[in-house]
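Examination of the molecular architecture
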Amino acid sequence: MPKSEVKTSLLDNMIGVGDSVLLEPLTEDTFLENLKNRFDHSEIYTYIGSVVISVNPYRHLPIYTPEKVEEYRNRNFYELSPHIYALADEAYRSLRDQDKDQCILITGESGAGKTEASKLVMSYVAAVCGKGAEVNQVKEQLLQSNPVLEAFGNAKTMRNDNSSRFGKYMDIEFDFKGDPLGGVISNYLLEKSRVVKQPRGERNFHIFYQLLSGGSEDLLKQLKLEREFNQYNYLGLDSAKVNGVDDAANFRTVKNAMQIVGFMDDEVELVLEVVAAVLKLGNIEFKPESRVNGLDESRIQDKNELKEICELLGQDQAVLERAFSFRTVEAKQEKVSTTLNVAQAYYARDALAKNLYNRLFTWLVNRINESIKAQSKVRKKVMGVLDIYGFEIFENSNNSFEQFIINYCNEKLQQIFIELTLKEEQEEYIKEGIEWTHIEYFNNAIICELIENNTNGILAMLDEECLRPGTVTDETFLEKLNQVCAVHERFESRMSKSSRFLNDTTLPHNCFRIQHYAGKVMYHVEGFVDKNNDLLYRDLSQAMWKTNHVLVKSLFPEGNPVKMSLKRPPTAGSQFKASVATLMKNLQTKNPNYIRCIKPNDQKAPHIFAEALVRHQVRYLGLMENVRVRRAGYAFKQPYESCLERYKMLCSQTWPHWRQGSRDGVKVLLTELQIPPEEFSYGRSKIFIRNPRTLFELEDLRKRRLEDLATLIQKIYRGWKCRTNFLLMKKSQIIISAWTKRHFQRKKYLQLKNVTLIIQSYIRGWKARKLLRELKHQKRCEESATTIAAYWRGFQARRELKRLKEEARRKHAVAVIWAYWLGLKVRREYRKFFRANAGRKIYEFTIQRIMQKYFLEMKKKLPSMSPTEKTWPPRPYFFLDDTHTELKRIFHLWRCKKYRDQFTEQKKAIFEEKLEASELFKDKKALYTNSVQQPFQGDYLEISKNPKYQKLNGAVEEKIVLADVVNKINRANGKVAPRIFLLTQSNFILADQKSGQIKSTIPVMDITSVSVSKQTDGLFAVHLKEGSTAAAKGDFLFTSDRLIEIITKLYRTIFFKTNQKINVEINNEFLVQFNQDKVCVKFIQGAQKNGNLPTCKRKNNRLLEVTVP
Ligand SMILES: Nc1ncnc2c1ncn2[C@@H]1O[C@H](COP(=O)(O)OP(=O)(O)OP(=O)(O)O)[C@@H](O)[C@H]1O
Ligand SMILES: [Mg+2]
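Conventions used here
Residues numbered from 1 in each chain as written. Chains lettered and ligands numbered in written order. Predicted model: local features only at pLDDT ≥ 70, side-chain atom pairs only at ≥ 80, totals over all residues. Heavy atoms only, no water. Helix = DSSP H or I, 4+ residues; strand = E, 2+ residues; numbered from the N terminus. Rg over C-alpha atoms; globule rule 2.2 N^0.38 Å. Contact = heavy atoms within 4.5 Å. Areas by Shrake-Rupley, 256 points an atom, 1.4 Å probe, with all protein chains shown as cover. Near = heavy atom within 4 Å. Polar contact = N/O pair within 3.5 Å; in protein donor to acceptor, adjacent residues only side chain to side chain. Salt bridge = Lys/Arg side-chain N within 4 Å of Asp/Glu carboxyl O. Buried < 20%, exposed > 50% of the residue type's maximum accessible area, 1.4 Å probe, protein only. Pairing = 2+ DSSP bridges. Axes fitted to C-alpha atoms, helices over the stretch in contact; angles between N-to-C directions. Parallel < 35°, antiparallel > 145°, perpendicular 65-115°, else oblique. Nonpolar A, V, L, I, M, F, W, Y, C, P; charged D, E, K, R; others polar. Phe/Tyr/Trp six-rings, centres within 6.5 Å; stacked < 30°, edge-to-face > 60°. Patch = residues over 30% accessible without salt bridge, like charges linked within 9 Å, V, L, I, M, F, W, Y side chains within 5 Å. Lys, Arg positive; Asp, Glu negative; His and termini not counted. Charge placed at Lys NZ, Arg CZ, Asp CG, Glu CD. Donors = N, O, S within 2.8 Å, 3.2 Å for Na, K, Ca; no water. Left-handed = near helix turned anticlockwise from the far one by under 90°. Core = buried A, V, L, I, M, F, W, Y, C linked by side-chain atoms within 4.5 Å. pLDDT = per-residue confidence, 0-100.

Within the chain, the regular secondary structure consists of 32 helices and 31 strands. Relative to the 2.2 N^0.38 estimate, which gives 32 Å for 1109 residues, the radius of gyration of the chain is 71 Å and therefore markedly larger than a compact globule would have. The dimensions of the chain, computed from C-alpha atoms along their principal axes, are 200 × 110 × 60 Å. Expressed as a percentage of contacts within the chain between residues at least 6 apart in sequence, the contacts between residues at least 24 apart total 63%. Only carbon and sulfur atoms are counted for the fraction: they give 54% of the accessible area of the chain, which is about 58900 Å².

With that out of the way, let us pick up the site of ligand 1. If you check the shell around ligand 1, you find 19 residues, and the closest are Asn 56, Ser 110, Lys 114, Thr 115 and Ser 163. Here Asn 160 contributes a side-chain N or O atom positioned 2.8 Å from an oxygen atom of ligand 1. Here an oxygen atom of ligand 1 sits 2.6 Å away from a polar atom, N or O, in the side chain of Ser 163. Taking 620 Å² as the accessible area of ligand 1 by itself, protein coverage stands at 87%. Of all the secondary-structure elements, those providing two or more residues to the shell around ligand 1 are α5 (114-128) and β5 (163-164). Here the element with the most residues in the shell around ligand 1 is α5; it accounts for three residues.

Moving on, we get to the pattern of salt bridges. Taken as a whole, this structure holds 63 salt bridges when the rule is applied. In this structure, Asp 89 and Arg 93 form a salt bridge, with 2.8 Å as the shortest nitrogen-oxygen distance. With Asp 89 and Arg 93 both in helix α4 (residues 84-98) and four residues apart, the pair spans about one turn of that helix. Of the two residues examined, Asp 89 and Arg 93, each falls in the buried class.

Taken in spatial order, the four strands line up as β28-β29-β31-β30 in an open sheet, and their pairing is mixed. Edge positions in the sheet fall to β28 (1069-1074) and β30 (1095-1100), since each of these pairs with one other strand and no more. On average, each strand axis in the sheet is tilted by 30° relative to the strand beside it, whichever way the strands run. Where β28 and strand β29 (residues 1077-1085) come together, six bridges link them in antiparallel fashion.

Take the packing of helix α29 (residues 905-921) against helix α32 (residues 1043-1058) next. Running from N to C, α29 and α32 point in directions that differ by 105°, and their axes come no closer than 9 Å. On the basis of the axis angle, α29 is roughly perpendicular to α32. Contacts from Ala 909, Glu 912, Glu 913, Glu 916, Ala 917, Leu 920 and Phe 921 in α29 reach Ile 1044, Ile 1047, Thr 1048, Lys 1049, Tyr 1051 and Arg 1052 in α32. Considering only residue class, the contact of α29 with α32 consists of seven nonpolar, one polar and five charged.

Inspection of the entire model under this criterion finds 43 aromatic pairs. Taking the centre distance of 4.4 Å and the plane angle of 20° together, the rings of Tyr 47 and Phe 77 count as stacked. A residue pair is termed long-range when its members are at least 10 positions apart, and Tyr 47 in strand β1 (residues 45-48) and Phe 77 in the loop between α3 (66-72) and α4 qualify at 30 residues. Accessibility classification places Tyr 47 together with Phe 77 in one group, the buried group. Pairing Phe 903 with Phe 911 gives two aromatic rings, centres 4.7 Å apart and planes at 15°, and the pair type is stacked. Take Phe 911: its relative accessible area is 38%, and that puts it in the partly exposed class. An aromatic cluster is present here, built from Phe 401, Phe 404, Phe 477, Phe 491, Phe 512, Tyr 523 and Phe 528 joined pairwise through their rings.

Once that is clear, we can look at helix α15 (residues 445-452). Among all positions of α15, only Ile 447, Cys 448, Leu 450, Ile 451 and Glu 452 are buried. For α15, the secondary structure elements touched by its buried residues are α14 (401-431), α16 (458-467), β13 (491-493), β14 (511-516) and α21 (572-588).

Take a positive patch on the surface next. Where like charges cluster on the molecular surface, the positive patch consists of Arg 764, Lys 767, Arg 769, Lys 770 and Arg 773. Mapped onto the elements, Arg 769 comes out in helix α26 (residues 692-830).

Our focus in this paragraph is the coordination of the magnesium ion (ligand 2). Every protein donor of the magnesium ion (ligand 2) is listed here as Thr 115 (OG1) and Ser 164 (OG), and their distances to the metal cover 1.9 to 2.1 Å. Here Thr 115 is found in helix α5, whereas its partner Ser 164 is found in strand β5, with 49 residues between them in sequence. Ser 164 carries the same exposure label as Thr 115, and that label is buried.

Between helix α6 (residues 133-153) and helix α9 (residues 247-261), the shortest axis-to-axis distance is 8 Å and the interhelical angle comes to 140°. Relative to α9, α6 is oriented oblique. Two packed elements cross with a definite hand, and for α6 against α9 that hand is left-handed. Between α6 and α9, the residues in contact are Glu 140, Gln 141, Gln 144, Ser 145, Pro 147, Val 148 and Ala 151 and Val 254, Ala 257, Met 258, Ile 260 and Val 261, respectively. Tallied by class, the residues present in the contact of α6 with α9 amount to eight nonpolar, three polar and one charged.

Let us now look at the pairing of β29. Hairpin connection, β28 to β29: the antiparallel pair is bridged by two residues, and Asn 1075 has positive phi, about 50°. Two elements, β29 and strand β31 (residues 1103-1108), share six bridges in a ladder whose sense is parallel. For Ile 1084, the partnering residue across the bridge sits in β31 and is Thr 1107.

For soluble globular proteins, nonpolar side chains are generally found buried alongside one another. Ranked by internal contacts, the top residues of the largest apolar core, which has 183 residues, are Phe 152, Phe 324 and Phe 512. Considering each element in turn, this core owes the most residues, 13 residues, to helix α13 (residues 342-372). Ranked by size, the runner-up nonpolar core spans 34 residues in total, among them Tyr 928, Ala 1030, Tyr 1051 and Ile 1054.

An order of β17-β19-β18 is seen for the three strands of this open sheet, with the pairing classed as antiparallel. The sheet terminates laterally at β17 (636-639) and β18 (680-682), the two strands that pair on one side only. Strand-to-strand twist across the sheet, computed as the mean angle between neighbouring axes with direction ignored, equals 20°. Strand direction decides the pairing type here: β18 and strand β19 (residues 686-689), joined by three bridges, are antiparallel. The residue of β19 that forms the bridge with Ser 681 is Phe 688. Those strands touched by helix α25 (residues 662-672) are β18 and β19, and its axis lies near 155° from that of β18.

The set of residues buried in helix α22 (residues 611-620) consists of Leu 613, Val 614, Arg 615, Gln 617, Val 618 and Tyr 620. Packed against the buried residues of α22 are α2 (28-40), α14, β16 (591-598) and α23 (623-632).

Moving on, we come to the confidence of the model for the chain. Note that predicted coordinates carrying low pLDDT should not be read in detail. On average, residues of the chain score 87 in pLDDT, and 96% of them reach the 70 mark or higher. Low pLDDT (under 50) marks residues 1-9, which in the prediction has twelve contacts with non-local residues, meaning those over four places away or in another chain.

Within the secondary structure, Phe 166 is located in the loop between β5 and β6 (167-174). Along the primary structure Phe 166 and Phe 361 are separated by 195 residues, whereas in three dimensions their C-alpha atoms are 9.9 Å apart. Apart from the residues within four sequence positions on either side, Phe 166 is in contact with Leu 149, Gly 153, Asn 154, Asn 187, Tyr 188, Leu 189, Leu 190, Phe 361, Asp 387 and Tyr 389.

Looking now at the side chain of Ser 986. Mapped onto the secondary structure, Ser 986 falls in the loop between β21 (976-984) and β22 (987-992). Once residues within four sequence positions are removed from consideration, Ser 986 is found in contact with Glu 958, Ile 1002, Pro 1003, Val 1004 and Lys 1057.

Bringing the pairing of strand β7 (residues 180-188) into the picture now. Across eight bridges, the pairing between β6 and β7 is antiparallel. Counted as the bridge partner of Gly 167 is Tyr 188 from β7. If you look at the hairpin formed by β6 and β7, you'll find five residues sitting between the two strands, and Gly 178 has a positive phi there, around 90°.

Relative to the elements of secondary structure, Ile 910 occurs in helix α29. Put simply, Ile 910 and Phe 936 are 26 residues apart on the chain and 7.0 Å apart in space, counted from C-alpha to C-alpha.

There is a patch of nonpolar side chains on the surface, built from Val 755, Ile 759, Ile 763 and Trp 766 and spanning about 390 Å² of accessible area. Checked against the element boundaries, Ile 763 lands in helix α26.

Right, dumping it as structure tokens:
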């Protein structure tokens, strides 16, 4: 079944009218009739516009179920039948959605149901706001603070079994989502006089009865309490039990609630100890005792109770006893101690009890605040719930200071109601230029003024009286009032100046009367001064500070001598006035929601609707005026800007932007929506809507439109999202395909590269192996040559060794024979001196020692390893001469061998050549010495590299042994011509120096010998084999500076080729074969013409003369 079908609309099936604004005709009677009619049908809530009237049913109604909560949740205020939940929902949603701080003002007289209403509002908000473990804990703590505060601050009175005896304002804090974060409770003036005295038929605060009924035996024993109420003077006996109230069960609830709120076990214990101490204080009694100087003095009758109190509070009994017996007054640094008489002692006792309890209550509120305070520092939205004691009138002029204060507070609340609903609203219509007929109402500002005016208000008078020096009594205070307020129209007194009321016998002498908005109240002045002063003797506060009880000690900080001040604390009246002023200021900053509670009868009974009583309340609450203002006025008003902002989406012209003035915008909007013109009025800055229905219609349209807009936004968003998604996918696809292509191409390329590399590596490998094979072959050839050479040398060395050994053996034999011979000689010579053998042994020994020494020293003195080193240490003994020389030779050989071992093959060949040269020419030809320093390079012309000799190089097939330019001597005339002299392994080639043209090629085998002079000249003759082809023209004559090298190389080449050593003739005269002639070449010494070159002259057929330097 759809929800809405179950719900009763404001108009459907209505009993009477749900909203009094709709009453027709509107009179006080019809209004009351309507209330009664509804009350009789269990409809206890009725609206006046947005104000909820609640009539106390005094019975349980099934209208606060979770289903009801759901029913009213998120529904418009006027949509369903009137209910306190509708107001709570409206306030909560307005707080959550429009960010407006709210306050719920609950007014009505005592017993009208304010506290119940406040709890209903709180429980509704708790049910509909956010959920979750943390939030639930906060909610639970907020809700559970109620039973604790009610136990300590509520009491049964004549009018209400659970009357709030303190004012309470609770700020519930929410975050932006509407989840509760915590709260702050402010309390106002607890009626503490109730602690020590209760009017007939009333009780003390609930907690005392709860503790005695519900406390376990152990707990009571620990607190030194008896279970019976009648054991305690402070507990009113005649109404100790309240019907339908289970104190014991309530005690458990309170303890449980304290635990939930966050009280520690030891804290609960401390609190109960204080409660017990207060209760026991009432049992301390005093008896008079006369002193010699005639002064009355009091004594405690039974010290047992005092002892127990001191034990409970950890107090020194003597200190407390003294505080009850003396009073110390400090004035101008003087301390005067006076004794207390019995009355004063009782006064002191009660003052202590009241103060202790009152401070305990304030401590409880602070402690609860500490637990429920919001943890986070985020900006908070606030919903304040005000539940203050209701207007109170006692009969028989029993109204005292407390009632005066309570009623003053209610006056202020009525004032704020008037200000915000009646006065401001009417003023606003006028200000906005809306046609308006003023509706009369009673403004209670004048009463507030009478009480709170700073110069002549009652509270100011009372303060003045309290502070005045001299004797001050309640009577002097009344006198003062009579003087100052006599002319005030709302003040009545028998003794007033004008004596207006002298004849009013109903007004006793010690009373004054105030015509409150809710009726006349007669106040008895007794106790006004005292209660306003709220004095606690300093001795008592000091005694309390001295206890070991942590809680009590903290409650009396002024008892600390260090912090003692002589300044008077502010009076109770002025404190209350100030806190009420702050409260009013606070309420004015918030959006008010009113619940006006009405008490239907004085019997606290269900189903009874005492018309007179209700009529009285309707009158003083100004409800009729309220209805009239509402009826004449408009149900709803809103500044143009916010109205346009809220509804602009309903009109195509104003949506989404309206560029002109917002007033015009609203006009356009309402015209397009075709709302009947009588339904609204245009004010100066606000639009006024007459009927709530019109507003709901607008709201409905808005709701539907918002849904459409949401769909539109969704549509566009989805489209955008899809497109974004598509584009993203497209982009991704391109990227992926690019990457894939790249990947495959790369793979292909890498494959190709790999293949190429493999092929390359195979080819390279094949080439390298080929090369390696060649190199290995070459190396093997070289190695075999070396091996052969090594064998050859080894053979030579062994032969040499054998020879040396033979020689050494011989030398040794000689030495031995010699030694024997010497020995023989010596022995023969010295035989006569020595015994046989001794001489020989000494000799051997000496020789041995000498030899040893010689070798050891030799080892140290060995010359360097250089083969050219000539030095050799001198011989120490003559007989070692041969050995010494032999040693030198061996050492030299060994050193040469070492030196040779370092040689490379190439170097070895060079040295072999040099050696060959030395064998050939040393000491034979003078030129030799010059050649020793010159290295034999062989190829001086670098035939293979020089492009000039390319052709020549091509013609030569073998390895070139020597290539140089030599001068060829003409056989006929002795003239010289340069020729390239090329020696290969088998030929000796002569070529033109310039063109490289080969002139003649002679196989080396055809050379028989070479001839040179002994001189320093470079002339040499090459003799050829007779009959060979080369020898046709005869032998060759050449000159060259490198004669030694050329001949050496020629010699060696021929040796290698033929294995025969040619003859090298060195002589200053030799024969050469020229054609058929044998010519003698003769060297003569003479002056040199052209440098070092020899000059040749053919003297005749038989002689060629060569002049050499
Ligand atoms: N809505 C309700 N449903 C049932 N009973 C109610 C309701 N409201 C009030 N009552 C009854 O009326 C009694 C008095 O109500 P409540 O304590 O709220 O009065 P009050 O206005 O706070 O009085 P006071 O000013 O003395 O504190 C409650 O204890 C309860 O029994
Ligand atoms: Mg109450």
